[in-house]
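# What the coordinates show
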Amino acid sequence: MKSEPVLPWMRRPVDVTNFEERTLEAVPCLDPRLKVALQKMSISSLFPVQLAVWQETIGPGCFERDLCINSPTGSGKTLAYALPIVQMLLNRAVKCLRALVVLPTRDLALQVKEVFSAIAPVVGLSVGLAVGQSSIADEISDLVKRPKLEAGICYDPEDHFQDLQSAVDILVATPGRLMDHINTTKGFTLEHLCYLVVDETDRMLREAYQAWLPTVLQLSRSNYESHFCCGNTFNHSIFGSLKTIRRCGVERGFKDKPYPRLVKMVLSATLTQDPSKLAQLDLHHPLFLTTGQSRYKLPDKLESYKLICESKLKPLYLVGLLQSLEGEKCIVFTSSVESTHRLCTLLNFFGDLKVKIKEYSGLQHQSVRSKTLKQFREGETQVLVSSDAMTRGMDVEGVRNVINYDMPAYIKTYIHRVGRTARAGRTGRCFTLLRKFELKRFNKMLQKADNNSCTYHSLLSSSIESLQPIYISALEKLKETVESEASRKRKFGFKFSKIRKGKKAHSANV
Ligand SMILES: Nc1ncnc2c1ncn2[C@@H]1O[C@H](COP(=O)(O)OP(=O)(O)OP(=O)(O)O)[C@@H](O)[C@H]1O
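Figured I'd write up the structure that's included with this text.

The rules we used
Residues numbered from 1 in each chain as written. Predicted model: local features only at pLDDT ≥ 70, side-chain atom pairs only at ≥ 80, totals over all residues. Heavy atoms only, no water. Axes fitted to C-alpha atoms, helices over the stretch in contact; angles between N-to-C directions. Helix = DSSP H or I, 4+ residues; strand = E, 2+ residues; numbered from the N terminus. Parallel < 35°, antiparallel > 145°, perpendicular 65-115°, else oblique. Left-handed = near helix turned anticlockwise from the far one by under 90°. Contact = heavy atoms within 4.5 Å. Nonpolar A, V, L, I, M, F, W, Y, C, P; charged D, E, K, R; others polar. Salt bridge = Lys/Arg side-chain N within 4 Å of Asp/Glu carboxyl O. Buried < 20%, exposed > 50% of the residue type's maximum accessible area, 1.4 Å probe, protein only. Pairing = 2+ DSSP bridges. Near = heavy atom within 4 Å. Polar contact = N/O pair within 3.5 Å; in protein donor to acceptor, adjacent residues only side chain to side chain. Areas by Shrake-Rupley, 256 points an atom, 1.4 Å probe, with all protein chains shown as cover. Phe/Tyr/Trp six-rings, centres within 6.5 Å; stacked < 30°, edge-to-face > 60°. Lys NZ or Arg CZ within 6 Å of the ring centre and 35° of its normal.

Next up on the list: the packing of helix H2 (residues 48-57) against helix H3 (residues 77-89). Between H2 and H3, the least distance of the axes is 8 Å, while the angle of their chain directions is 30°. The orientation of H2 relative to H3 falls into the category roughly parallel. Crossing of H2 against H3: the hand is right-handed. Counted together, Val49, Gln50, Val53, Trp54 and Thr57 of H2 and Lys77, Leu79, Ala80, Leu83, Pro84 and Gln87 of H3 form the full contact between these two elements. Here the residues of the contact of H2 with H3 are counted per class, giving seven nonpolar, three polar and one charged.

Now the structure itself:
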């Protein structure tokens, strides 16, 4: 279904389907060291979106316009921006922060950092991470270089503030930690920034955390005056902590000339077309790159199926389906963190499913989530029951199936969820469990996407019936678990409030 964008520049896009995959040897200007690094990643050719972006950046397009890229899940958007950025920066003699990539979650940022780390060091560039995975002190020491001390000389770090230098050329960050560094890390500056990537743009534009986007745009503006001119709405204490010495004359535009323009690349599989949202990015002469005519496109090799089931038998259908998939890697999506927890607990009471099932949700501590993800990547866990924390961008090799245990409410959610399979041109299957009354809404939702055929899938009723006895006992166990968890929570909450009251009384006495 084609919907006409409001913005005129979006009505004249570059169609990525006009590009064909091309071997690395045939990619113009690609640095030989990068070619080797890509081959080590088992990449022998560039995908269409990567070539289209290469043409607009390293090719004749020459980074003249900001790029808005709408390309299906798994089509290779990460390398589409990482490769030209690294190629552009490879001749830089002086280390300073020139490229910033902002992503909504820590796991996603870690994943993107891996891609940069596979290609940037071979040309002498360093990549940093600001996501709050380690302590802020550790992160600072990774991001900012302190001056080396002469033997026997003591110094006050405040005095040497101007000698601080960036230890990284490229930074991958989440908005929260990025703002922490902007506000408090001495020597951390965006004044040399040349490239800004906002990945998962539509999601990021909903993320207003401490006004990260206007702050980044303001701090990377072209000249000194624009930082400090009267009338700017920013807090001068922020600027105080950011002001660093300029190394005059070593970089294009540094010697009293305006800096090069900050180039922006924004990407998503479901890029917003809302003018007021896109206006926040302050795009320069933007160029829209999209795949085909439709706004939403599902991966070419995705097979979609729907299963009609009764509400109360839904868990049995899921178990039956998992059994029929015989241990293949699956992600099961639910509608909330609570149902993720309940469903995962219930599935584990089924006993003989012959697969390891784990929960992955925003309710869990980051360290638990990271461990679960690692086990899933390594194949130690075969089924992940997930809330929408896993929906966007996550790239796990070998995910053959996505199961929508709960139907997603929006086509965008559907696109990102099912996009965890059928990635990089591979095949994959998606199953959506539906109650009868949901069918009409589901079909209507799918009409918004291209490549949307979805056939009925059924399970043998005898296989569902045979699961009934174990289901009854699993439900009993689930009930007991939920009750004991609730009572633990109440107890903990009570203790916690007593401690807090105690502390208050204590501080009142003091
Ligand atoms: N040129 C290539 N050749 C082979 N594999 C590639 C190539 N480019 C990327 N890939 C692989 O394709 C997979 C998907 O890439 P990536 O995660 O960048 O997709 P994406 O378009 O960002 O997806 P999403 O919208 O879900 O975030 C990754 O496993 C990546 O390693």
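A word on the pattern of salt bridges. On inspection of all chains with the given rule, the structure shows 19 salt bridges. Among the ionic pairs, Arg392 bridges to Asp202, the shortest N-O distance being 3.0 Å. You can see Arg392 sitting in the loop between strand E17 (383-386) and strand E18 (401-404) and its partner Asp202 sitting in helix H7 (residues 201-204), a full 190 residues away along the chain. With relative accessibility at 6%, the residue Asp202 sits in the buried group. In this structure, the salt-bridge partner of Lys356 is Glu380, at a minimum N-O distance of 3.9 Å. In this pair, Lys356 sits in the loop between helix H13 (337-348) and strand E16 (357-360) while Glu380 sits in the loop between helix H14 (366-377) and E17, placing the two residues 24 residues apart along the sequence.

Now for the pairing of strand E14 (residues 302-308). When you tally the buried positions in E14, you get five out of seven residues, the bulk of the element. Pairing of E14 with strand E19 (residues 428-434) involves seven bridges; the strand directions are parallel. Note on E19: the bridge partner recorded for Ser304 is Cys430. Sheet analysis places E14 next to strand E21 (residues 454-456), joined by three bridges and oriented parallel. By the bridge assignment, Lys306 is partnered in E21 with Tyr456.

This paragraph deals with the sheet that holds E14. Hydrogen bonding along the main chain pairs the strands of a sheet, whether they run parallel or antiparallel. In spatial order, the strands read E16-E17-E15-E18-E19-E14-E21; together these seven strands make up an open sheet with parallel pairing. The sheet is open, and its two borders are formed by E16 and E21, each paired with just one other strand. Going from strand to strand, the sheet's axes swing by 25° on average, the running direction of each strand aside. Two elements, strand E15 (residues 330-333) and E17, share four bridges in a ladder whose sense is parallel. From the neighbouring strand, Phe333 faces E17, where its bridge partner is Ser386. The sheet strands contacting helix H16 (residues 439-446) are E14, E19 and E21, and the helix crosses E14 at an angle near 165°.

Neighbouring the ligand are 18 residues; Ser45, Gln50, Lys77, Thr78 and Asp395 lie closest to it. One of the side-chain N or O atoms of Lys77 is found 2.6 Å from an oxygen atom in the ligand. Here an oxygen atom of the ligand sits 2.8 Å away from a polar atom, N or O, in the side chain of Arg423. In isolation the ligand has 640 Å² of accessible area, and contact with the protein removes 84% of it. Elements supplying a minimum of two residues to the shell around the ligand: strand E3 (45-46) and H3. Of the residues assigned to the shell around the ligand, the class counts are five nonpolar, eight polar and five charged.

Further remarks concern the packing of aromatic side chains. Taken as a whole and assessed by the stated rule, the structure comprises six aromatic pairs. The interplanar angle of 50° and the centroid separation of 5.0 Å between the aromatic rings of Phe63 and Tyr195 together place this pair among those described as tilted. Highlighted residues: Phe63 in the loop between H2 and strand E4 (67-70) and Tyr195 in strand E10 (residues 195-198), separated in sequence by 132 residues. An identical accessibility class is assigned to Phe63 and Tyr195; each is buried. An angle of 40° between the planes, with centres 6.2 Å apart, marks the rings of Tyr81 and Phe116 as tilted. With Tyr81 in helix H3 and Phe116 in helix H4 (residues 106-119), this pair connects stretches of sequence that are 35 residues apart. Each member of the pair Tyr81 and Phe116 is classed as buried. The ring of Tyr405 carries Lys314 above its face, with NZ or CZ at 4.6 Å from the centroid. The residue whose ring lies beneath Lys329 is Phe376, and the NZ or CZ to ring-centre distance is 5.4 Å.

If you trace the backbone, Lys371 turns up in helix H14. Residue class for Lys371 comes out exposed when judged on its relative accessible area of 54%. Once the C-alpha coordinates of Lys371 and Tyr360 are considered, the two residues, 11 residues apart in sequence, prove to be 9.8 Å apart.

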